[in-house]
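A closer look at the structure
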Number of protein chains: 2
Amino acid sequence: MRQRLLEATLQCLVEHGWSGTSTTLVSQRAGVSRGAQLHHFPTKADLVVAAVEHIATVRREELAQAAAALPRDQRRTREVLELLGEHFTADVFAAALELWVAARTDPQLLAAVEPLERVTGRETHRLTVEMLDVDESRPGARELVQATLDLIRGLGLASTISDDQARRARVLDRWAEVLDHELPRREHHRQERGTR
Amino acid sequence: MRQRLLEATLQCLVEHGWSGTSTTLVSQRAGVSRGAQLHHFPTKADLVVAAVEHIATVRREELAQAAAALPRDQRRTREVLELLGEHFTADVFAAALELWVAARTDPQLLAAVEPLERVTGRETHRLTVEMLDVDESRPGARELVQATLDLIRGLGLASTISDDQARRARVLDRWAEVLDHELPRREHHRQERGTR
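Per an unreviewed UniProt entry, chain A is named TetR/AcrR family transcriptional regulator, and its organism is Nocardioides pocheonensis.

This is how it looks when you write it as structure tokens:
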């Protein structure tokens, strides 16, 4: 039941945003009585903190699953960018975006969001390095991976206003070319895929 | 007085976010009576639409002024990126971010935000091409300018959660190197600045 309430909070954030999400709406959506909700989460703050953790966990799990589903021998740059682009336009990204922006002007929420954001960011970075076979010991490699994730985050934000998939595809095509020129790869990547 | 109300709306969005901004707060902040506010903006929707236009105008004006203040002979890649990065972390960016995210789940607001966002996006793109002396007739040039603006938008979003200026500076340093390698420039740029 706890899990159902957290999932309902995520869906409410996706559909109604932070300002449209109330504990009443969450209990309705979860099909859980007000009493049962108060048993699991005595205050709204309790529910919010647990939902922030839930959303961070779903983000990490979804990305890890997508990464595992992409076979190692098919991990070409453009496919990895596609996977990341899909992750940063998925429902859970929209829910996280609502939390980020609400946290900007809500210190209590920021205290819950910020540490988990750091963990999620590190994990996303690590998975991206692995998927792209990046040699992070080389100067500039780390920053180029960070830039890639900032770019993908910016595309995700733009997609909430106008979902221009053709534009996004062209930007990612071009970015894949740039990474193939500029990103130092680990030895086995260069051998297997002939990327310089 | 109209202008004062619009400026107060922008400041309320920056400080309290979309969910914390009310017409009452705006009139208090502007030092304008409720009656005078209703004279200029009979409904909340009237104020919101005018505020969306005001924020888009301020964004375009601030960027154009910053671009004009950067002398042509100092328009090196890294300095242009610094200028864009500052623009996308300024107060007016935070106000625009509040509108974007609220518009995601509010069709009426989206109808006001989306067309102005397109105009602002085109103008930002045009100014960036001009500042970087990009030869947009060359394949891939347009997409790399778009990628640059998506990156800067992603950095702006990240800065609302943790203002890690050292990280942002390193990412922009690396991005400037990439652009100097990959971005086709107009002839006079190559002659004046020796960029390939």
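Text resumes after the structure shown.
On to the side chain of Thr124 of chain B. Residue and element names in this part refer to chain B. Structurally, Thr124 is set in helix α7 (residues 107–131). A residue is classified by how much of its surface remains accessible, and Thr124, at 7% relative accessible area, is buried. Leaving out residues up to four positions away in the same chain, Thr124 has contacts with Leu63, Phe88 and Leu149.

Now for the packing of helix α9 (residues 165–182) of chain A against helix α8 (residues 141–159) of chain B. At a minimum axis separation of 9 Å, α9 of chain A and α8 of chain B run at an interaxial angle of 95°. It follows that α9 of chain A is roughly perpendicular to α8 of chain B by the angle criterion. Of the residues in α8 of chain B, those touching α9 of chain A at Arg167, Arg170, Val171, Arg174, Trp175 and Val178 of chain A are Glu143, Leu144, Gln146, Ala147 and Asp150 of chain B. Residues that form the contact of α9 of chain A with α8 of chain B fall into these classes: 5 nonpolar, 1 polar and 5 charged.

Relative to chain A, chain B is turned by 180° and slid 0.0 Å along the rotation axis, the superposed coordinates differing by an RMSD of 0.0 Å. These values place the two chain copies in the arrangement generated by a two-fold rotation axis. A shared binding surface is used by both copies, with 100% of the interface residues of chain B retained as interface residues in chain A.

Along the chain, Val101 of chain A falls in helix α6 (residues 91–104). Distance from Val101 of chain A to Trp18 of chain A, taken between C-alpha atoms, is 8.8 Å for residues 83 residues apart in sequence. When residues no more than four places from it in sequence are discounted, the contact partners of Val101 of chain A are Leu97, Glu98 and Val101 of chain B.

Cut-off values and rules
- Note on numbering: residues in each chain are counted from 1, in written sequence order.
- The order in which chains are written sets their letters, starting at A; the order in which ligands are written sets their numbers, starting at 1.
- Owing to the predicted nature of the model, reporting of local features is limited to residues with pLDDT of at least 70; listing and counting of side-chain atom pairs is limited to 80 or more, with chain, interface and lining totals taken over all residues.
- Water and hydrogen atoms were dropped before computing side-chain values, which therefore reflect all heavy atoms in the structure.
- Here a helix means four or more residues in a row that DSSP labels H or I, a strand means two or more in a row labelled E, and each is numbered from the N terminus.
- Burial status follows relative accessibility: with a 1.4 Å probe on protein chains alone, a residue under 20% of its type maximum counts as buried, one over 50% as exposed, and anything between as partly exposed.
- Contacts: residue pairs with any heavy atoms within 4.5 Å of one another.
- The axes are straight lines fitted to the C-alpha atoms, using for helices just the contacting stretch, and the angles between their N-to-C directions are given from 0 to 180°.
- Oblique is the label for any angle not covered by the other classes, which are roughly parallel (under 35 degrees), roughly antiparallel (over 145) and roughly perpendicular (65 to 115).
- Residue polarity is assigned by list, with Asp, Glu, Lys and Arg as charged and Ala, Val, Leu, Ile, Met, Phe, Trp, Tyr, Cys and Pro as nonpolar; anything else, Gly included, falls into the polar class.
- Fitting of the copies onto one another was done by least squares over C-alpha atoms, counting residues only where both copies have pLDDT of at least 70.

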